[in-house]
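Structural description and commentary
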Amino acid sequence: AMVSNAFIYHADALMFDLEDSVILREKDAARRLVFHALQHPLYQNVETIVRVNALDSDYGVADLEAVVRGGVDIVRLPKTDTAQDVIDIENHIARIEAECGREPGSTGLLAAIESPQGITQAVAIAHASPRLIGIALGAEDYVRNLRTERSPEGTELLFARCAILQAARAAGIQAFDTVYSDANNEAGFLREAAHIKQLGFDGKSLINPRQIELLHNLYAPTRQEADHAQRVVDAAEAAAREGLGVVSLNGKMVDSPVIERARLVLSRAALSGIREE
Ligand SMILES: CC(C)(COP(=O)(O)OP(=O)(O)OC[C@H]1O[C@@H](n2cnc3c(N)ncnc32)[C@H](O)[C@@H]1OP(=O)(O)O)[C@@H](O)C(=O)NCCC(=O)NCCSC(=O)C[C@@](O)(CC(=O)O)C(=O)O
Ligand SMILES: [Mg+2]
């Protein structure tokens, strides 16, 4: 049922899971279901991601064969511990693209890091393939590996989140935060989402449609922020026409980092609208 109507919720991308939310005896049926969903007309204008099983499991390579041939936009590799994990999946994807006549390099990759080993290798992982559109944190597995549990403050995840952000930015790719598992706790979700936005994440994996609007609204700038960003960009463009790299706007210095920040605010306004307070 979820596969058949997930497209109605206006998520930025839809992720079909073949890994931990599918029990072993359903793995083959789930793969077939996703293969057909990827080719359904309703999913042609939606960015699709499939989380495949690990390549060293009994299912990983079959998952890849199905989803690359099915036309998935991005493959999510779970439990990525090393750069070699990324290179291995990259090689399989390249082979399958060649075999099925898909444009070489057109399948994107998203590596999920879910262990201390992966966090220590985050920089190498983030640089391991030109297909990588981003890296992501998988916090439920990560805290299990750390031998702790998630707290409302997220203290136990701060190191991992910063490591993922640093690695992603160093490689020039996106950084995505993990799921918030209590779908009924709106206040807790919003607190965590505000925290990861402030750290610098580009977004977050969601498990329930009710979280989509909340996150879009949080990432959307306020009217005041959007208006200010527009004034910064206008002032910068006027200054550039006069050959100036730095200008003053109401007494505040406007230079290259401030202008780039303003452009990011405007792009978020274009994507998510204006925040409802
Ligand atoms: C959380 C809950 C059980 C709540 O159930 P509830 O029954 O209370 O949901 P309700 O809100 O009542 O549903 C109202 C309506 O929305 C529909 N609906 C609900 N969820 C929908 C959805 N996801 N997609 C489309 N449709 C949906 C539903 O069908 C219904 O439709 P309808 O009947 O027509 O009204 C349910 O959402 C759910 O199962 N979520 C997906 C869980 C999942 O994907 N887990 C794997 C990824 S995490 C992981 O693996 C950890 C990780 O690996 C992560 C990492 O790597 O980052 C790590 O280590 O951290
Ligand atoms: Mg996991």
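Summary of the structure given here. (Residues numbered from 1 in each chain as written. Chains lettered and ligands numbered in written order. Predicted model: local features only at pLDDT ≥ 70, side-chain atom pairs only at ≥ 80, totals over all residues. Heavy atoms only, no water.)

Time to look at the nonpolar core. Counting residues in each nonpolar core, the largest one holds 56 residues, and the members touching the most others are V50, L64, V67, V75, I89, I135 and I164. Residues in contact with I89, not counting those within four places in the same chain, are V52, L55, L64, V75, L77 and L109. Membership of the second largest hydrophobic core comes to 12 residues, among which are V232, L249, V254 and V265. (Core = buried A, V, L, I, M, F, W, Y, C linked by side-chain atoms within 4.5 Å. Buried < 20%, exposed > 50% of the residue type's maximum accessible area, 1.4 Å probe, protein only. Contact = heavy atoms within 4.5 Å.)

In this section: the pattern of salt bridges. Applying the stated criterion across every chain yields a total of 25 salt bridges. Note that R31 and D28 form a salt bridge whose closest N and O atoms lie 3.0 Å from each other. Of the two residues, R31 and D28 both sit in helix 2 (residues 27-39), 3 residues apart, roughly one turn of that helix. The exposure class of R31 is buried, given its relative accessible area of 12%. Among the ionic pairs, D177 bridges to R161, the shortest N-O distance being 2.8 Å. Here R161 lies in helix 8 (residues 158-171) and D177 lies in strand 6 (residues 174-177), a separation of 16 residues in the sequence. Residue D177 is classed as buried on the basis of its relative accessible area, which comes to 0%. Residue R161 is classed as buried on the basis of its relative accessible area of 0%. (Salt bridge = Lys/Arg side-chain N within 4 Å of Asp/Glu carboxyl O. Helix = DSSP H or I, 4+ residues; strand = E, 2+ residues; numbered from the N terminus.)

To continue, consider helix 4 (residues 83-100). In this model, helix 4 (18 residues) spans 26 Å end to end at C-alpha, consistent with the 26 Å of a helix rising 1.5 Å per residue. Of the residues making up helix 4, those classed as buried are A83, V86, I89, E90, I93, I96 and E97. Along the axis of helix 4, the buried residues cluster in a sector spanning 150°; they form a single face. Tucked inside the fold, the buried residues of helix 4 contact helix 3 (60-70), strand 3 (74-77), strand 4 (108-113), helix 6 (122-126) and strand 5 (132-137). One or two steps after helix 4, the chain reaches G101, where phi turns positive at roughly 80°. (Expected span 1.5 Å × (residues − 1). Arc of directions from axis to C-beta.)

Tetrahedral coordination by four donors sets the ideal angle at the metal to 109.5 degrees; octahedral coordination by six donors sets it to 90 or 180 degrees. Coordination of the magnesium ion (ligand 2) by the protein comes from E114 (OE) and D141 (OD), over a distance range of 2.0 to 2.2 Å. One end of the pair, E114, is in the loop between strand 4 and helix 5 (116-120); the other, D141, is in helix 7 (residues 139-146), with 27 residues separating them in the sequence. Accessibility expressed as a relative area gives 4% for E114, which makes it buried. (Donors = N, O, S within 2.8 Å, 3.2 Å for Na, K, Ca; no water.)

Close to ligand 1 lie 19 residues, the nearest being R51, R76, E140, I207 and R210. D141 is positioned with one of its side-chain polar atoms (N or O) 3.0 Å from an oxygen atom of ligand 1. Contact distances for ligand 1 include 2.9 Å between an oxygen atom and a side-chain N or O atom of N208. When residues in the shell around ligand 1 are grouped by element, the largest group, 3 residues, is from helix 7. Residue composition of the shell around ligand 1, by class: 7 nonpolar, 5 polar and 7 charged. (Near = heavy atom within 4 Å. Polar contact = N/O pair within 3.5 Å; in protein donor to acceptor, adjacent residues only side chain to side chain. Nonpolar A, V, L, I, M, F, W, Y, C, P; charged D, E, K, R; others polar.)

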